[in-house]
Structure formats: C-alpha cells, structure tokens
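Structural characterization, general
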Amino acid sequence: EADIYQTPRYLVIGTGKKITLECSQTMGHDKMYWYQQDPGMELHLIHYSYGVNSTEKGDLSSESTVSRIRTEHFPLTLESARPSHTSQYLCASSDTGIGYNEQFFGPGTRLTVL
Amino acid sequence: AQRVTQPEKLLSVFKGAPVELKCNYSYSGSPELFWYVQYSRQRLQLLLRHISRESIKGFTADLNKGETSFHLKKPFAQEEDSAMYYCALAGDGGATNKLIFGTGTLLAVQP
C-alpha cells in the first residue's frame, strides 16, 4: 500500500546523542520534505529534496542534515542532540508535475531531548 | 516577505452554526493557497486548494486578492469538523512545491 512511514514515532533522548529520524515512502514520489513544528507554532520547512542525491536547506535554519541515496528514503540526522531540538518532525512527499503537487504527510516523530 | 497569518488559535462553535476560519497572506506575486487539516490522531492532509474552486466536506474558500485573504467557510458545522486547520501558501506558483504554513486554528464544534 502506498504510504509514508516515519520511525520512531516518539523518541526521548539525552543531550549530546546522535539521532537519525527515518522517513520512507512507497508513493513513488520524487520530491520529499522535512518540516519542524514546535507546539502551537507553524510548520517550518527545514530540508527538501527533488530526487536522489539532491538536498536543499529549507526556510528555517536547522542543525540537522539529510541524505537522499534512494528515492524512497530520506533520513534526517542530528549529530549532537540538544534540548532546543525538542520538536515534532514531519516528513512529506509529493509527485513531480506542472504547478503545485499535493504534499502527503507522514505521521510525524515527536522528539524530546533532555 | 511571504507570510501566512491565522489570527485565531482556537475557534469554538456549536453544531449547526456557521464557521469561518480566517487566513491572510503576504505575497507580492500570484499565490497558490491551500487549507490543510489534521483530525485527532490522524495525519496532516490537504482539504482544498483555491484553484480547484470546489467544496470539500461542505467547506469552501475564496481567494480575495484585494484583501489578501483565503478564509475557510462552512455554513453548518458538524462535530466531525473538529480538527486543526492550517492555511498554506505556495509562494512561487508551485515551481519548487514548497509551502509556507500559518500557525493553525483549532476548530472545536460543541454538540
């Protein structure tokens, strides 16, 4: 079934740890996105990718990094987690075509850094 | 600067009452605007987009370029409409497919 998967759904981790948030999609989409959302705030685009080996930084500066080695996989990594990284992280994907293409969202990962 | 403003964090109405969720945008070009919705324990999903000019689940939204608004309306609210609603802007005509979101409005429909 075509879907977007994010793991883990919840993560509580200590300061200084390296973490990777996984995002995979079986939608067959070329474009993928990572958004960060603090409680009560808007979603901010932090990374996006147009395809394999393509990654760009989004509108909100983030200390995280991403990679796109396979079309279906777009992991996000924090080398050294800090309490300021506590947030919800949403992954999305979209098709490629003329004009705007609907973004489909994953269930999100809620990260807490102690 | 491109910006989306949703002035209300919470809108509480009774079942059967009309609903209007406000959205204002700032964009110098010709925008594409959307409403996304997130029901409890569900994912964020597209509700409607202005170029479609269609009604989804009884909701409509009209782009008013003069007032730079894209308010979401429904004449008679239902309890199942209770959700978080986000207004979003594709600020470059969809060229990069990037979205700018507002802070969202929580709609609570009371029985």
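In this report, we go over the structure that sits alongside the text. Note that this is a predicted model, so its numbers are computed, not measured.

**Quick word on the overall build of chain B**
- For chain B, the helix and strand inventory stands at 0 helices and 11 strands.
- Relative to its length of 111 residues, chain B is compact, with a C-alpha radius of gyration of 13 Å against a globular reference of 13 Å.
- Expressed as lengths along the three principal axes of its C-alpha atoms, the size of chain B is roughly 40 × 30 × 25 Å.
- The 111 residues of chain B split such that 50% are buried.
- Here the contacts in chain B between residues at least 6 apart in sequence split such that 59% fall between residues at least 24 apart.
- Accessible surface computed for chain B: about 5400 Å², of which carbon and sulfur atoms make up 51%.
- Side chains of chain B carry 13 positive and 10 negative charges; the gap between the two charge centres is 5 Å.

**A word on the overall build of chain A**
- Broken down by element type, chain A carries 0 helices and 11 strands.
- When the helices and strands of chain A are listed from N to C terminus, the series reads β-β-β-β-β-β-β-β-β-β-β.
- Taken over the C-alpha trace, chain A has a radius of gyration of 13 Å; the compact-globule value for 114 residues is 13 Å, and the two agree within 12%.
- Once the C-alpha set of chain A is aligned to its principal axes, its extents read approximately 45 × 25 × 25 Å.
- Sorting the 114 residues of chain A into buried and exposed places 48% on the buried side.
- Look at the contacts in chain A between residues 6 or more apart in sequence, and 54% of them connect residues 24 or more apart.
- For chain A, the exposed surface amounts to about 5400 Å²; the carbon and sulfur share of it is 53%.

**Topic: the interface of chain B and chain A**
- With 21 residues of chain B at the interface, the matching set in chain A holds 23 residues.
- For the pairing of chain B and chain A, the buried interface totals around 1900 Å² over both sides, and the portion due to carbon and sulfur atoms is 48%.
- The largest contributions to the chain B side of the interface with chain A come from Arg43, Asn97 and Lys98 of chain B, which together make up 35% of the buried area.
- The interface formed by chain B and chain A contains 2 salt bridges.
- With a closest N to O distance of 3.7 Å, Asp59 of chain A and Lys98 of chain B form a salt bridge.

Rules and cut-offs
- Every residue gets a number counted from 1 within its own chain, in the order that chain's sequence is written.
- Lettering of chains starts at A and numbering of ligands starts at 1, both following the order in which they are written.
- Thresholds applied to this predicted model are a pLDDT of at least 70 for local features of residues and 80 or more for the giving and counting of side-chain atom pairs; totals over whole chains, interfaces and linings are not thresholded and use all residues.
- Values shown for side chains rest on all heavy atoms present in the structure; no hydrogens or waters enter the calculation.
- Secondary structure counts use DSSP, requiring at least four H or I residues in a row for a helix and at least two E residues in a row for a strand, with both numbered from the N terminus.
- For the radius of gyration, the atoms used are the C-alpha atoms, and the globule rule reads 2.2 Å times the number of residues raised to 0.38.
- For every residue, the accessible area obtained with a 1.4 Å probe (protein chains only) is divided by the maximum for its type, and the residue is called buried under 20%, exposed over 50%, and partly exposed between those limits.
- The contact criterion used is simple: two residues touch if any of their non-hydrogen atoms lie within 4.5 Å.
- Using a 1.4 Å probe, accessible areas were evaluated by the Shrake-Rupley method; residue-level cover was limited to the displayed protein chains.
- Neither His nor the chain ends contribute to the count of charged residues, in which Lys and Arg are positive and Asp and Glu negative.
- The location of each charge is read from NZ of Lys, CZ of Arg, CG of Asp or CD of Glu.
- Take the accessible area each of two parts loses on contact, using a 1.4 Å probe, and add the two losses: that sum is the buried area.
- We define a salt bridge as a side-chain nitrogen of Lys or Arg found within 4 Å of a carboxyl oxygen belonging to Asp or Glu.

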